[in-house]
Amino acid sequence: MMAKRCVLTVFKTILEGGSVNNKYANLKNKLSSLVENGVCIAFSGGVDSSLLLKVACDAAKEQNKKIYAVTFDTKLHPLSDVAISKEVAKSMGAIHKVIEVDEFENDEFLMNPIDRCYQCKKYLFTKLLEFAEENNLKYALDGTNADDLNEFRPGLKALSELGIISPLAELGITKQDVREMASELNISVASRPSTPCLATRLPYNTKISFDLLKKIESGEEYIKKMGFEVVRLRVHDNIARIEIDKDEFIRFIEKADLIINYLKELGFIYITLDLEGFRSGSMDIGK
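Residues numbered from 1 in each chain as written. Predicted model: local features only at pLDDT ≥ 70, side-chain atom pairs only at ≥ 80, totals over all residues. Heavy atoms only, no water.

*Asks:* Help me out: how do you make sense of the environment of Thr-74 in this one?
*Replies:* Note that Thr-74 resides in the loop between strand E2 (67–73) and helix H4 (80–92). With a relative accessible area of 7%, Thr-74 lands in the buried category. Through-space distance from the C-alpha of Thr-74 to that of Asp-115 is 18 Å; in sequence the pair is 41 residues apart. Beyond its immediate chain neighbours, meaning those up to four positions away, Thr-74 contacts Val-101, Glu-103 and Leu-124. Here His-77 takes part through its side chain, which lies 3.2 Å from a polar atom of the side chain of Thr-74. (Helix = DSSP H or I, 4+ residues; strand = E, 2+ residues; numbered from the N terminus. Buried < 20%, exposed > 50% of the residue type's maximum accessible area, 1.4 Å probe, protein only. Contact = heavy atoms within 4.5 Å. Polar contact = N/O pair within 3.5 Å; in protein donor to acceptor, adjacent residues only side chain to side chain.)

Right under this line is the structure:
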């Protein structure tokens, strides 16, 4: 039902001109109507949820309402996400809440099943709904955008089952639209690369351990500090497969020895550069 509604909304937006200005106006109207009855937003500090939070906060000020930005402190995301989300939420005037969760309590989840994203979203967003109920908030929102509907995202089923509202997706707002709007609104994370959970660096049906995730996080952070903005360190047993943008290959090779040494110190034996370059969701190919 949700997918059908999204498709109809996208078609309607195209008929109306489909411009970013039109989509922004539709987003303002949508959030203004929701804010009236109380809203909390799943807030990662990424550009999607930041745009949603900014527009919601602006609407809330006009109505003298409060907006809650809820960040999950998990073992599957870099620690820097919480710090960034706190800073961004404060700048927008939202009430920022951090909910600590431990996905490692679920033994089945630790085997990285193909529906891992579904299980994770169901677990996290059930907690978001509990937060909403405790604070007398009618709606719980997330930053899923229209492009996400075209990718392998088992977690979308969980959002639909729980009744989470995804305004960006419903209004046909793409990632490019999001970045354009965020830039116009001077949102500090407008150009911030996406930071999906660290479990996406591992093949399905591969055991997840906290130590391995910390190694992946450490390796990616090191490469980023070398000046590479978009990095994925995909791990296949003792092989570290690095994905970066293709136009960065030559510069990467110049720094290869330093990167190789660091990753080997982390325990990886074979270090490879993926010649296809960065691809979002490359572990989902064939799924």
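*Asks:* Which parts of the structure should I look at to understand the side chain of Ser-282?
*Replies:* Along the polypeptide, Ser-282 turns up in the segment after strand E7 (270–273). Separated by 2.6 Å, the side chains of Ser-282 and Glu-243 make a polar contact.

*Asks:* Would you take a moment to explain the sheet that holds strand E5 (residues 232–236) for this structure?
*Replies:* In a beta sheet, neighbouring strands pair by backbone hydrogen bonds and run either parallel or antiparallel. Pairing in this open sheet of three strands is mixed, and the strands run E5-E6-E7 from one edge to the other. In the strand order of this sheet, the two ends are held by E5 and E7, each with one partner. Pairwise comparison of adjacent strand axes, ignoring direction, gives a mean angle of 25° for this sheet. Pairing geometry for strand E6 (residues 239–243) and E7, over four bridges, is parallel. (Pairing = 2+ DSSP bridges. Axes fitted to C-alpha atoms, helices over the stretch in contact; angles between N-to-C directions.)

*Asks:* Just to check I follow, could you spell out the packing of helix H3 (residues 47–63) against helix H8 (residues 175–184) for this structure?
*Replies:* Geometrically, a packed helix pair is captured by the angle between its two axes and the distance between the axes. Running from amino to carboxyl end, H3 crosses H8 at an angle of 55°, the nearest separation of the two axes being 10 Å. As summarised for this structure, H3 and H8 are arranged oblique, according to the angle between their axes. Crossing of H3 against H8: the hand is left-handed. Only Lys-175, Val-178, Arg-179, Met-181 and Ala-182 of H8 make contact with H3, whose side of the interface consists of Val-47, Asp-48 and Leu-51. Classifying every residue of the contact of H3 with H8 gives five nonpolar, no polar and three charged. (Parallel < 35°, antiparallel > 145°, perpendicular 65-115°, else oblique. Left-handed = near helix turned anticlockwise from the far one by under 90°. Nonpolar A, V, L, I, M, F, W, Y, C, P; charged D, E, K, R; others polar.)

*Asks:* Looking at this structure, how should I read the environment of Phe-210?
*Replies:* Mapped onto the elements of the fold, Phe-210 is located in helix H9 (residues 210–225). Separated by 41 residues in sequence, Phe-210 and Arg-251 place their C-alpha atoms 31 Å apart. Other than its neighbours up to four places away in sequence, Phe-210 contacts Lys-75 and Phe-104.

*Asks:* What am I meant to see in the environment of Ala-94 here?
*Replies:* Assignment of secondary structure puts Ala-94 in the loop between H4 and strand E3 (95–100). Along the primary structure Ala-94 and Phe-268 are separated by 174 residues, whereas in three dimensions their C-alpha atoms are 42 Å apart. Setting aside residues no more than four positions away along its own chain, Ala-94 makes contact with Leu-53, Cys-57, Ile-67, Ala-69 and Ala-89.

*Asks:* What am I meant to see in unusual backbone geometry here?
*Replies:* Leaving glycine out, the prevailing phi sign among residues is negative, and the prevailing peptide bond configuration is trans. Not every positive phi belongs to a glycine, and Asn-186 is a case in point at roughly 60°. Tracing the backbone shows Asn-186 in the loop between H8 and H9. Judged by its relative accessible area of 68%, Asn-186 falls in the exposed class.

*Asks:* For this particular structure, what's the right way to read the pattern of salt bridges?
*Replies:* Oppositely charged side chains can form a pair if their charged atoms are brought close together. Within the structure shown, the criterion is met by 19 salt bridges. The partner of Lys-122 in a salt bridge is Glu-161, and the shortest N-O contact between them spans 2.9 Å. A residue pair is termed long-range when its members are at least 10 positions apart, and Lys-122 in helix H5 (residues 116–134) and Glu-161 in helix H6 (residues 155–162) qualify at 39 residues. According to the relative accessible area criterion, Glu-161 is partly exposed, its value standing at 41%. Notably, a salt bridge pairs Glu-276 with Arg-279, separated by 3.5 Å at the nearest N-O pair. Taken together, the shared-partner salt bridges in this structure form one network comprising Arg-234, Arg-241, Glu-243, Asp-274, Glu-276 and Arg-279. (Salt bridge = Lys/Arg side-chain N within 4 Å of Asp/Glu carboxyl O.)

*Asks:* Help me out: how do you make sense of the pairing of E2 in this one?
*Replies:* Within a regular strand, side chains alternate between the sheet's two faces. Where burial is concerned, most of E2 is hidden: six out of the seven residues are buried. For strand E1 (residues 39–42) and E2, the ladder comprises four bridges, and the chain directions are parallel. If you follow Cys-40 over to E2, its bridge partner there is Tyr-68. For the handedness criterion, the β-α-β arrangement of E1, H3 and E2 is classed as right-handed. In this sheet, E3 lies alongside E2 in parallel orientation, the contact comprising six bridges. (Right-handed = clockwise from strand over helix to strand, strands pointing away.)

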